[in-house]
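Examining the three-dimensional arrangement
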Amino acid sequence: MADTPMAQTYNSAGDHTGEKALDADLFGIEPNIAVMHQVVTAQRAAARSGTANTKTRAEVRGGGRKPWRQKGLGRARHGSIRSPQWRGGGVVFGPKPRSYAQRTPKKMKRLALISALSARAAEEQIKIIESFDWDAPKTKQAVELLSAIGAGKKSLVVLGSGDGIALKSMRNLQKVRTLEIGQLNTYDVLWADTIVFTDATIGMVGGRTSYDPSETDFVREDEGGDEA
């Protein structure tokens, strides 16, 4: 990616106002697919609740008495009706509560995020809104804006702390996710067809953050009707 990556800029009404050069160190590297895959796998693993639980034969209620005598009846010998082969018996090697979290170094997370942003920039799917100067939150104006800037079916809008009106305008849209700049992560960037920044948030990409994606940050894939 020798050329300087560029992003189209718009006002809050969706009018095209020009273009802006992006930081090549953040939006112009060769995407590392292997690292992106590893980080996304770790993020999705962290979203698993890990609460599945089955009972062993020692935990199932009942079965303390031998169901019939050992010999003389012509039947197979059994010591308990809670053995795994019995209906209602214990489960052999069943799931137990566990954590699915994987350790992912911060440098790897950063490389994966930059790779994802660079991939979207190469596709010309990074859009910049100068500012959200809307007077009141309205879903209709959010829909019109995204349509005017040519946003894809699924959009990720990266907002600042003062963009409350924009957040309220977009939070009811099924195929739009909103994040604060400190929550930007690889999974959501790759999920979206178009990434929408503001003038303020585009300049904050790559800044230091203590944010670490967890299960509370994920929109489940069955929400909204189709696969993320």
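A brief structural summary. These numbers were taken from a predicted model, which means no experiment stands behind them.

Within the chain, Phe93 stands out as a residue other than glycine whose phi angle is a positive 55 degrees. Structurally, the position occupied by Phe93 is in the loop between α2 (33-46) and α3 (106-122). Owing to a relative accessible area of 85%, Phe93 belongs among the exposed residues under this scheme. In this model, Glu124 sits at a positive phi of 60 degrees, which is unusual for a non-glycine residue. You can see Glu124 is positioned in the loop between α3 and β3 (126-129). With relative accessibility at 60%, the residue Glu124 sits in the exposed group.

A few words on the environment of Ser12. Here Ser12 is to be found in the loop between β1 (6-10) and β2 (16-21). The exposure class assigned to Ser12 is buried, which follows from its relative accessible area of 10%. Expressed as a C-alpha distance, the spacing of Ser12 and Gln141, which sit 129 residues apart in the sequence, is 9.0 Å. Among residues more than four places away in sequence, those in contact with Ser12 are Ile129, Ser131, Phe132, Asp133, Trp134 and Leu145. Of the polar contacts made by the side chain of Ser12, one reaches the side chain of Asp133; its length is 2.2 Å.

Relative to the elements of secondary structure, Ile126 occurs in strand β3. On the accessibility criterion, Ile126 (1% relative accessible area) is buried. A sequence separation of 67 residues divides Ile126 from Asp193, and the C-alpha atoms of the two residues are 9.3 Å apart. Apart from the residues lying within four places of it in its own chain, the contact partners of Ile126 are Ala7, Gln8, Leu22, Phe27, Leu117, Arg120, Ala121, Ile195 and Phe197.

This paragraph deals with the packing of α2 against α3. To describe two helices that pack against each other, one gives the angle between their axes and the distance between the axes. In the contact formed by α2 and α3, the axes pass within 8 Å of each other and the chain directions differ by 115 degrees. If you check the angle between α2 and α3, you find them roughly perpendicular. As for the relative orientation of α2 and α3, their crossing is left-handed in sense. Together, Val35, Met36, Gln38 and Val39 of α2 and Met108, Lys109, Leu111, Ala112, Ser115 and Ala116 of α3 make up the contact between the two elements. For the contact of α2 with α3, a count of residues per class yields seven nonpolar, two polar and one charged.

So, on to the packing of aromatic side chains. This model, assessed by the stated rule, comprises three aromatic pairs. Considering the side-chain rings of Phe27 and Phe197, the 6.2 Å spacing of their centres and the 85 degrees angle between planes classify their relative orientation as edge-to-face. You can see Phe27 sitting in helix α1 (residues 24-27) and its partner Phe197 sitting in strand β6 (residues 194-198), a full 170 residues away along the chain. On the basis of relative accessible area, Phe27 is assigned to the buried category, the value being 2%. Phe197 gets classed as buried once you look at its relative accessible area, which sits at 0%. Its end group placed over the ring of Tyr100, Arg48 keeps NZ or CZ at 3.7 Å from the ring centre. In this structure, Arg177 is placed above the aromatic ring of Trp191, and the distance from its NZ or CZ to the ring centre is 3.8 Å.

Let us now look at the pattern of salt bridges. Summed over all chains, the structure comprises four salt bridges. With its nearest N and O atoms 2.8 Å apart, the salt bridge here joins Glu59 to Lys96. Of this pair, Glu59 sits in the loop between α2 and α3 while Lys96 sits in the loop between α2 and α3; the two residues are 37 residues apart in sequence, bridging distant segments of the chain. Residue classification places Glu59 among the partly exposed positions, given a relative accessible area of 42%. Its relative accessible area of 32% is what places Lys96 among the partly exposed residues.

Cut-off values and rules
- Residues numbered from 1 in each chain as written.
- Predicted model: local features only at pLDDT ≥ 70, side-chain atom pairs only at ≥ 80, totals over all residues.
- Heavy atoms only, no water.
- Helix = DSSP H or I, 4+ residues; strand = E, 2+ residues; numbered from the N terminus.
- Buried < 20%, exposed > 50% of the residue type's maximum accessible area, 1.4 Å probe, protein only.
- Contact = heavy atoms within 4.5 Å.
- Polar contact = N/O pair within 3.5 Å; in protein donor to acceptor, adjacent residues only side chain to side chain.
- Axes fitted to C-alpha atoms, helices over the stretch in contact; angles between N-to-C directions.
- Parallel < 35°, antiparallel > 145°, perpendicular 65-115°, else oblique.
- Left-handed = near helix turned anticlockwise from the far one by under 90°.
- Nonpolar A, V, L, I, M, F, W, Y, C, P; charged D, E, K, R; others polar.
- Phe/Tyr/Trp six-rings, centres within 6.5 Å; stacked < 30°, edge-to-face > 60°.
- Lys NZ or Arg CZ within 6 Å of the ring centre and 35° of its normal.
- Salt bridge = Lys/Arg side-chain N within 4 Å of Asp/Glu carboxyl O.

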